[in-house]
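Geometric and topological summary
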Amino acid sequence: MGTHYGSQDPFKGPFRSLEELADRISDLLHCPVTIEDSNHRILAYSTHDENVDPARIATIMRRKVPENVIKTLWKNGVIPQLFESEEPVIIPAIEEVGLGKRVAISVRKNNEILGFIWAQVHWDVTEEDLDLFKKAAKVVKNQMLQLQIKKRKSEEDHKEFFWQLLTEHLTDLETIQSQARKYHIQLDGSLAIVVFEFEEDIHQSLERHIHYYIEASRQVGIVCSAIDSNQLILLVRPHSSEAPGKEINDFVRAFVEKIQDRVNVEFLKGAAGTLYKSPVHIQDSYKEALHVLSIKDRFPNEVEGIYSYQELGIYQFIDFLYEKRIRDHYTNQYIETLRDYDQKHRTDLLETVSEFLRCDSNVNEAAKALHVHANTLNYRLKRVTNLTGFNFKDPNQKITLYLDLMIERLKQ
């Protein structure tokens, strides 16, 4: 079945709503049509007969494309193709997720994705069908842009309010709550700041992938978001009240892994500040998330699997300790003795001790990291004790030495 509408304009309006437009596209193509936003939430859908597939029924019932369908379309390369191309895409049936044959096209203004049009088809699609789809996308774009004017203004106001919360311009609880009500932002419950840092500034295509993933994953509630050069800043609310900290950590870890894999980003760090019950402390959570990123820059191996301020442990205070050591002109005599010995005898006792303490005094793990036999490591540790009098069984001595070794790295 092909589409034949002659030389007349098939979309001569005006159209009072996207629903009218969806029905018009459906009438021209003789098939069910869905218009969605950029996150695959339904904006409008046409009427249809009984001959529709399970994916369309589930989408209409949930007001959003089911997650298993979205994941499959990503895996099959359909959604990336829609992101990067202005041309219609023909999608063969995918029976395992109940999706019949489709034609889809992205609705865009320049490089910005506004949404998508989907049509369930039962025939060999013609060039005339594809041409109509392209014309439909232009008309839908105009309708969407009209709807977005108020939404954009609201989003800009939200972002301004969010930045005020992040940068200490709003510190009075009553004022914050009043502003939140004005912008219809819910700041109740536990909230935390999450920051993702990319190697380069976040361009528009990457931003689309990021927001698409966040909407699709729904691991945490996103209250506000902002982009600052190469950083994505999120104000998040955990869904769970039993293990909210773990939920935030899992979200950050999964985001880093998925985005690196999905859009081929090699360098990406994620960090979360503390969960606070008062919006007054959003600025504190932001500072903590930035501190985590700073520690990840300076101690990448030690904190590789850490994503939150709570997990940093003693690294929360390393900068304060560093400043105190400098101010007091303090030197650790164990470190000085081992450094002098290594220089004179071309040994690696200081590195050995550092790795041993980093591995939580686990001989086998430290020996593996140093590429030596466990017996060799034990011999070196005994040599350290004989030279310095250091007691590896005293936790107080070990913690102090470990901290001073970290501070030595900051000095360098």
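Residues numbered from 1 in each chain as written. Predicted model: local features only at pLDDT ≥ 70, side-chain atom pairs only at ≥ 80, totals over all residues. Heavy atoms only, no water.

**Remarks on the overall build of the protein chain**
Using the following cut-off: Only runs of H or I of at least four residues qualify as helices and only runs of E of at least two qualify as strands under DSSP, and these elements are numbered from the N terminus. Contacts are assigned to residue pairs with any non-hydrogen atoms lying within 4.5 Å of each other.
Secondary structure summary: the protein chain contains 15 helices and 9 strands in total. Taken along its principal axes, the extent of the C-alpha atoms in the protein chain is 95 × 55 × 35 Å. For the protein chain, the share of sequence-separated contacts (at least 6 apart) that also reach a separation of at least 24 residues comes to 61%.

**Looking at the packing of aromatic side chains**
Cut-off, in case you're wondering: For this analysis, a ring pair means two rings from Phe, Tyr or Trp (six-membered ring only for Trp) whose centres lie within 6.5 Å, classed as stacked if their planes differ by under 30 degrees, edge-to-face if by over 60, and tilted for the remaining angles. Geometrically, a lysine NZ or arginine CZ counts as sitting over a ring once it is within 6 Å of the ring centre and also within 35 degrees of the ring normal.
Taken as a whole and judged by the stated rule, the model has 10 aromatic pairs. Three or more aromatic residues joined by ring pairs make a cluster, and in this case those are Tyr-334, Phe-356, Phe-390 and Phe-392. The ring centre of Tyr-307 lies 4.8 Å from the NZ or CZ of Lys-296, which sits over that ring.

**Digging into the nonpolar core**
The cut-off we apply is this: Residue types Ala, Val, Leu, Ile, Met, Phe, Trp, Tyr and Cys, when buried and joined through side-chain atoms within 4.5 Å, form a set referred to as a nonpolar core. For every residue, the accessible area (1.4 Å probe, protein chains only) is compared with the maximum for its type, and the residue is labelled buried under 20%, exposed over 50%, or partly exposed between those bounds.
Of all hydrophobic cores here, the largest spans 57 residues; its most connected members are Phe-161, Leu-187, Ile-193 and Leu-235. Considering every element that reaches this core, the biggest residue donor is helix 15 (residues 395-411), with 7 residues. Contact partners of Phe-161, with chain neighbours within four places excluded, come to Leu-170, Ile-176, Gln-179, Ala-180, Tyr-183, Ile-185 and Leu-187. One finds Ile-25, Ala-44, Val-125 and Phe-133 within the second-largest nonpolar core, a separate group that totals 29 residues.

**Section: a negative patch on the surface**
Stated precisely, the cut-off is as follows: Every patch collects residues that have over 30% relative accessible area and no salt bridge, joining them within 9 Å if they carry like charges and within 5 Å if they are nonpolar side chains (Val, Leu, Ile, Met, Phe, Trp, Tyr). Shrake-Rupley sampling with a 1.4 Å probe provides the accessible areas, and residues are treated as covered by the protein chains on show and by no other component. A side-chain nitrogen of Lys or Arg and a carboxyl oxygen of Asp or Glu constitute a salt bridge if their distance falls within 4 Å. In this tally Asp and Glu are treated as negative and Lys and Arg as positive; neither His nor the chain ends contributes. For the purpose of locating charges, the reference atoms are NZ of Lys, CZ of Arg, CG of Asp and CD of Glu.
Where like charges cluster on the molecular surface, the negative patch consists of Glu-199, Glu-200, Asp-201, Asp-228 and Glu-266. Structurally, Glu-266 can be placed in the loop between helix 8 (244-262) and strand 9 (268-272).

**A short note on the side chain of Thr-352**
Note the cut-off: Polar contacts here mean pairs of N or O atoms no more than 3.5 Å apart (in protein, one a potential hydrogen donor and the other a potential acceptor; neighbouring residues in sequence count only if both atoms are side-chain atoms).
If you trace the backbone, Thr-352 turns up in helix 12 (residues 349-358). At 3.0 Å, the side chain of Thr-352 forms a polar contact with the side chain of Arg-380.

**So, the pattern of salt bridges**
Tallied over the full model, the rule gives 18 salt bridges. The partner of Arg-325 in a salt bridge is Asp-404, with the nearest N and O atoms 2.9 Å apart. Pair noted here: Arg-325 is in helix 10 (residues 318-328) and Asp-404 is in helix 15, with a separation of 79 residues, a long-range link. Overall, Asp-404 belongs to the buried group, its relative accessible area being 4%. Ionic contacts of the salt-bridge type, sharing partners, join the residues Glu-336, Arg-339, Glu-408 and Lys-411 into one network.

**Observations concerning the pairing of strand 8 (residues 231-237)**
Applicable threshold: Should DSSP find at least two bridges between two strands, the strands are taken to pair.
Most of strand 8 is tucked away, with 6 of its 7 residues classed as buried. Pairing analysis gives 6 bridges linking strand 6 (residues 192-198) to strand 8, with the strands arranged antiparallel. Within strand 8, the residue paired with Val-194 across the bridge is Leu-234. Inspection of the sheet shows strand 7 (residues 221-228) paired to strand 8 by 7 bridges, in the antiparallel sense. Bridged to Asp-228 within strand 8 is Gln-231. Once strand 7 ends, the chain turns through 2 residues before running back antiparallel as strand 8, passing Ser-229 with a positive phi of about 60°.

Note that every value here comes from positions in space, so none of it alone points to a role or purpose.
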